[in-house]
Amino acid sequence: MEKIQIISIIGSVLFLFFIVELIKRCLIKEAYSILWLFFGGLFLFISLWKDGVDWFAKIVGIYYPPAMLLLFLIIAVIFVLIQFSVVVSKQSDQIRKLAQEVALLKSQQTKENDH
Amino acid sequence: MLAVIIPCYNEQYNVGRVLDELTLLNSDTILVVVNDASTDLTSQKAKETNKAFVIDLPINLGVGGAVQTGILKALRLNATQAVKFDGDCQHSSEYIKDLLKPILQNEADIVIGSRFLSEEPDGFKSSFFRKIGIKLLQVFTKILTGKVITDPTSGFRAYGSKAMNFMAVNYPNFDYPEPEEVVLAIKNDLKVLEVPVKMRERFAGKSSISALGSVYYMIKVMLAMFFIALRKHKKMD
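Residues numbered from 1 in each chain as written. Chains lettered and ligands numbered in written order. Predicted model: local features only at pLDDT ≥ 70, side-chain atom pairs only at ≥ 80, totals over all residues. Heavy atoms only, no water.

## Observations concerning the overall build of chain A
Operational definition: Here a helix means four or more residues in a row that DSSP labels H or I, a strand means two or more in a row labelled E, and each is numbered from the N terminus. As defined in this context, the radius of gyration uses C-alpha atoms, and a globule is described by 2.2 Å times the residue total to the power 0.38. For every residue, the accessible area (1.4 Å probe, protein chains only) is compared with the maximum for its type, and the residue is labelled buried under 20%, exposed over 50%, or partly exposed between those bounds. In this analysis, two residues are considered to be in contact whenever any of their non-hydrogen atoms come within 4.5 Å of each other. A residue counts as positive if it is Lys or Arg and as negative if it is Asp or Glu; His and the chain ends are not included. Charge coordinates come from a single atom per side chain, which is NZ of Lys, CZ of Arg, CG of Asp or CD of Glu.
When helices and strands are counted, chain A shows 4 helices and 0 strands. Counting helices and strands in the order they occur from the N terminus, chain A gives α-α-α-α. Relative to the 2.2 N^0.38 estimate, which gives 13 Å for 115 residues, the radius of gyration of chain A is 23 Å and therefore markedly larger than a compact globule would have. When its C-alpha atoms are laid out on the principal axes, chain A stretches across 80 × 30 × 15 Å. For chain A, with 115 residues in total, the buried portion stands at 23%. Across chain A, contacts joining residues at least 24 apart in sequence account for 58% of those joining residues at least 6 apart. Each charge class in chain A was averaged separately, 11 positive and 9 negative side chains, and the resulting centres sit 2 Å apart.

Take a look at the structure:
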């Protein structure tokens, strides 16, 4: 086993362990952890099955196999970022609605107090 | 005093009928409709009946958030038991007394109405995939908690005051929280019991889980159940 393979296995395991710990402490919601766990698992799989990288790179037509790892990494990051954008958009919408509801309730309350 | 919590999302054709059915219950019962930011006339239809407290959530929280809101309201109204009753006419009010019995006799904190305990075959039609899904959740619940819960997805449940206080703080914040709730309750030493019930087909409207979404649902819910089982006990407030 090459040095880099051992390092990447340890790295993947530590990454998965970190994510699991964050979910256990309720710092990440389960629904938002699916992508992280999926890509963490994928990286562990790739580090364990080194020939797979070469094999897959050949199929796709990538000359330099390690470039495929970078491709996976970038895809993973883009997916997670898109998920974040979706969540943030939804939340900003919800915050606006809540603020409006609170403001309307407040104005109703002051009106009732005046009468 | 009993509070019946009815979470509703776009149930304008069912909510009136559900409330009519529930008002036939005798005496000391309050009805709490939690309208989860419906886009139809659910809130109006519920208010028109004058039979229930209607809480309109300003944003859609999902079943979990809606039920928790109902439990909070029930506690503020000093209810000592609560029953969760779906707003889509699937549940029959005749079984509420069966659900409450173990709670009133201090034998359970949460009682689940199970479709799979009754001896005679029931009329509840279920698709092949749904059956597999429920079976899978049964087995998974057994693995995580060591207890057999025949119907972990049933939303027809009763809660005693200990369970109400616990769930008011810790209710799973999720779209379809039922299987998670089972694991959470058992892991936190709440006594969970099942009693046989029959459920009806929906009168109107669509079921909230689509065929395509169900695989994603299964992954999400099993992941959530797994992590709930891993966590340490929650503190009771």
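## Details of the nonpolar core
Residue and element names in this part refer to chain B. Just so we agree on the cut-off: As used in this record, nonpolar core signifies buried Ala, Val, Leu, Ile, Met, Phe, Trp, Tyr and Cys residues forming a set joined through side-chain atoms within 4.5 Å.
The biggest cluster of nonpolar side chains holds 41 residues, and the ones touching the most others in it are I71, I110, Y159 and M167. Of the residues forming this core, the biggest block, 7 residues, is contributed by helix α8 (residues 213–230). Once residues lying within four places of it in the same chain are set aside, the contact partners of M167 are Q68, I71, I110, Y159, E181, L184, A185 and L190. Core analysis: the next-biggest nonpolar cluster, separate from the first, contains 27 residues, L31, Y95, L99 and F156 among them.

## Section: unusual backbone geometry
Even without being a glycine, C26 of chain A presents a positive backbone phi close to 60°. Summarising the element assignment, C26 of chain A is placed in the loop between α1 (3–24) and α2 (30–48). In this structure, N50 of chain B takes a positive phi of about 55° despite not being glycine. For N50 of chain B, the position within the fold is in the loop between α2 (42–48) and β3 (53–56). Taking the relative accessible area as the measure of exposure, N50 of chain B reaches 72% and is therefore exposed.

## Concerning the packing of α2 of chain A against helix α4 (residues 66–114) of chain A
Residues and elements named next belong to chain A. Keep this limit in mind: Under this scheme, a helix contributes an axis fitted over its contacting stretch, all axes are lines through C-alpha atoms, and angles between N-to-C directions fall in the 0 to 180 degree range. Oblique is the label for any angle not under 35 degrees, not over 145, and not in the 65 to 115 range, which are roughly parallel, roughly antiparallel and roughly perpendicular in turn. Side-chain classes are defined by residue name, with Ala, Val, Leu, Ile, Met, Phe, Trp, Tyr, Cys and Pro counting as nonpolar, Asp, Glu, Lys and Arg as charged, and the others, Gly among them, as polar.
Running from N to C, α2 and α4 cross one another at 175°; their axes reach a closest spacing of 10 Å. Judged by the angle between their axes, α2 and α4 are roughly antiparallel. In contact with A31, Y32, L35, W36, F39, L42, F43 and I46 of α2, α4 contributes L69, F72, L73, A76, F79, V80, Q83, F84 and V87. When the residues that make up the contact of α2 with α4 are grouped by side-chain class, the tally is 16 nonpolar, 1 polar and no charged.

## As for the interface of chain B and chain A
Selection rule: Reported buried area values correspond to the accessible surface (1.4 Å probe) lost by two parts on association, with both partners' losses combined. The salt bridge criterion pairs a side-chain nitrogen of Lys or Arg with a carboxyl oxygen of Asp or Glu, the two atoms within 4 Å.
With 12 residues of chain B at the contact, the number on the chain A side is 14 residues. Taken together, the two surfaces of chain B and chain A that pack against each other cover about 1300 Å², and 72% of this comes from carbon and sulfur. Sorting the residues of chain B by area buried against chain A places I59, F227 and R231 of chain B first, and these three jointly supply 44% of that buried surface. Viewed at the interface, chain A and chain B are joined by 1 salt bridge. R231 of chain B is paired through a salt bridge with E30 of chain A; the nearest N and O atoms lie 3.1 Å apart. The residue inventory of the side of chain B that touches chain A, partitioned by class, reads 8 nonpolar, 2 polar and 2 charged.

## Things to note about the state of the cysteines
Residue and element names in this part refer to chain B. We apply this condition: Our working definition of a disulfide is a cysteine sulfur pair at a distance within 2.5 Å.
Using the criterion set out here, one finds 0 disulfides over all chains in the structure. Cysteine C8 shares no disulfide, and the gap to the nearest cysteine sulfur, in C89, comes to 9.6 Å. When its relative accessible area of 2% is taken as the criterion, C8 is described as buried.

## Notes on α2 of chain A
Quick note on the threshold: A helix is expected to span 1.5 Å for every residue after the first.
Helix length check: α2 of chain A (19 residues) gives 26 Å between terminal C-alpha atoms against 27 Å at 1.5 Å per residue, within 8%. Within α2 of chain A the residues assigned to the buried category are E30, S33, I34, L35, L37, F39, G40, F43, I46 and S47 of chain A. For α2 of chain A, the elements touching its buried residues are α1, α3 (50–60) and α4 of chain A together with α8 of chain B.

## Concerning a nonpolar patch on the surface
All names here are of chain A. Inclusion rule: Only residues whose relative accessible area exceeds 30% and that form no salt bridge are eligible for patches; like-charged ones are grouped when within 9 Å, while nonpolar side chains (Val, Leu, Ile, Met, Phe, Trp, Tyr) are grouped when within 5 Å. Methods summary: accessible areas were calculated by the Shrake-Rupley approach with a probe of 1.4 Å, and residue burial reflects only the protein chains presented.
Where nonpolar side chains cluster on the molecular surface, the patch consists of L70, L73, I74, V77, I78, L81, I82, F84 and V86 and spans about 840 Å² of accessible area. The topology assignment puts L73 in helix α4. For L73, a relative accessible area of 42% puts it in the partly exposed group.

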